[in-house]
Amino acid sequence: MNYNLECEKILASIDLNNKSSLLLHACCAPCSSSVLEKIAKYFNITILFYNPNITDYQEYLKRKDELEKFITLVGYDIKLLDCNYDKDKFLEMASGLEDKKEGDIRCYKCYRLRLEETAKIAKENNFDYFTTTLSISPYKNSKWLNEIGEELASKYHINYLYADFKKKNGYKRSIELSHLYNLYRQDYCGCIYSKVERLKHLQDQKAE
């Protein structure tokens, strides 16, 4: 399936005079920037900041604050729903998978953890759609994300907005907007395992 094309079909079907509501899971301000630029006019959006994978609490607060700053700077009429900081739930999920590389099954389960919470909250609060900004990243598996989203849509009886936001220069645009608004761009996904992997990569580069 061409997820970007499916997204555009859904956007084209929306009546701009009677916008649908969307619960958008967001991981950070940079990833949200070009996603919101693409879809904000089509939906009444609430952003869900549910990211228990961010192991360091100060990093969690920094990313949440940066997202709030970006929404204010751009002037979007968007609510930000902050979930409780719950790194223990992620660590429990990742138990036994600590040695997996980024992009392996641990990441799949992390996607599912965050998307399922988004779907549940969307259903409980009568949103029309739910989706995530995660597919903006070239390091995230958009096929997994959309397959999980589709499954959860069926499970919770709510619409999922298919997306591959990196397409049509979406990721490039997120970098441009990050520079424009001077946004903090982290260099690892957030979990302790990706942080260690990133530090090792940098150390290896220096050694070379």
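For the structure itself, look to the data block above.
Throughout what follows, the structure given in this document is the object of discussion. Remember, predicted model here, so these are calculated numbers, not experimental data.

**Concerning the pairing of strand β4 (residues 129–132)**
Working step 1: Judged by which residues are buried, β4 turns out to be covered on both faces: Tyr129 and Thr131 on one side and Phe130 and Thr132 on the other are all buried.
Working step 2: Strand direction decides the pairing type here: strand β1 (residues 20–25) and β4, joined by 4 bridges, are parallel. Its bridge partner being in β4, Leu22 is matched across the sheet by Tyr129.
Working step 3: The β-α-β motif built from β4, the intervening helix α6 (residues 142–156) and the parallel element strand β5 (residues 159–160) has right-handed crossover chirality.

**Topic: helix α3 (residues 57–74)**
Working step 1: Given a rise of 1.5 Å per residue, 18 residues ought to cover 26 Å, and the 26 Å separating the end C-alpha atoms of α3 matches this to within 8%.
Working step 2: Within α3, the full set of buried residues consists of Glu59, Tyr60, Arg63, Lys64, Glu66, Leu67, Phe70 and Ile71. Angularly, the buried residues of α3 cover 155 degrees about the axis, an arc narrow enough to put them on a single face. Turned more than 90 degrees away from the buried face of α3 sit Gln58 and Thr72, all of them exposed.
Working step 3: Put simply, Asp56 is the residue that caps the front of α3, since its side-chain oxygen is 3.1 Å from the backbone nitrogen of Gln58.

**A look at the packing of aromatic side chains**
Working step 1: Tallied over the entire structure, the rule returns 13 aromatic pairs.
Working step 2: Each ring, one from Tyr57 and one from Tyr60, has its centre 6.2 Å from the other, and the planes form 15 degrees; the classification is stacked. Of this pair, Tyr57 and Tyr60 both sit in helix α3, 3 residues apart, which is roughly one turn of that helix.
Working step 3: For Tyr57, a relative accessible area of 41% translates into the label partly exposed.
Working step 4: An aromatic cluster of three or more residues is present, and its members are Tyr3, Phe130, Tyr160 and Tyr162.
Working step 5: Across the ring face of Tyr184, the terminal group of Lys62 is positioned such that the distance to the ring centre comes to 4.1 Å.

**Here we look at the sheet that holds β1**
Working step 1: Pairing within the open sheet is parallel, and its 5 strands lie in the order β3-β2-β1-β4-β5. Of all strands in the sheet, those bounded by a partner on one side alone are β3 (79–82) and β5.
Working step 2: Strand direction decides the pairing type here: strand β2 (residues 43–49) and β3, joined by 4 bridges, are parallel. Opposite Thr46, over in β3, you have Lys79 as the bridge partner.

**Here we look at the environment of Ile121**
Working step 1: Positionally, Ile121 belongs in helix α5 (residues 105–124).
Working step 2: Taking the C-alpha atoms as reference points, Ile121 and Lys64, separated by 57 residues in sequence, lie 19 Å from one another.
Working step 3: The residues contacting Ile121, other than those within four sequence positions of it, are Leu23, Leu48, Leu81, Cys83 and Phe127.

**Here's the deal with the packing of helix α2 (residues 29–39) against helix α7 (residues 170–180)**
Working step 1: α7 packs onto α2 with a crossing angle of 115 degrees between their chain directions and a minimal axis gap of 8 Å. Considering the angle they form, α2 stands roughly perpendicular to α7. α2 and α7 meet at a crossing whose hand is right-handed. Contacts from Pro30, Ser33, Ser34 and Glu37 of α2 reach α7 at Gly170, Arg173, Ser174, Leu177 and Ser178.
Working step 2: Along the lines of polarity and charge, the residues of the contact of α2 with α7 split into 2 nonpolar, 5 polar and 2 charged.

Conventions used here
Residues numbered from 1 in each chain as written. Predicted model: local features only at pLDDT ≥ 70, side-chain atom pairs only at ≥ 80, totals over all residues. Heavy atoms only, no water. Buried < 20%, exposed > 50% of the residue type's maximum accessible area, 1.4 Å probe, protein only. Helix = DSSP H or I, 4+ residues; strand = E, 2+ residues; numbered from the N terminus. Pairing = 2+ DSSP bridges. Right-handed = clockwise from strand over helix to strand, strands pointing away. Expected span 1.5 Å × (residues − 1). Arc of directions from axis to C-beta. Polar contact = N/O pair within 3.5 Å; in protein donor to acceptor, adjacent residues only side chain to side chain. Phe/Tyr/Trp six-rings, centres within 6.5 Å; stacked < 30°, edge-to-face > 60°. Lys NZ or Arg CZ within 6 Å of the ring centre and 35° of its normal. Contact = heavy atoms within 4.5 Å. Axes fitted to C-alpha atoms, helices over the stretch in contact; angles between N-to-C directions. Parallel < 35°, antiparallel > 145°, perpendicular 65-115°, else oblique. Left-handed = near helix turned anticlockwise from the far one by under 90°. Nonpolar A, V, L, I, M, F, W, Y, C, P; charged D, E, K, R; others polar.

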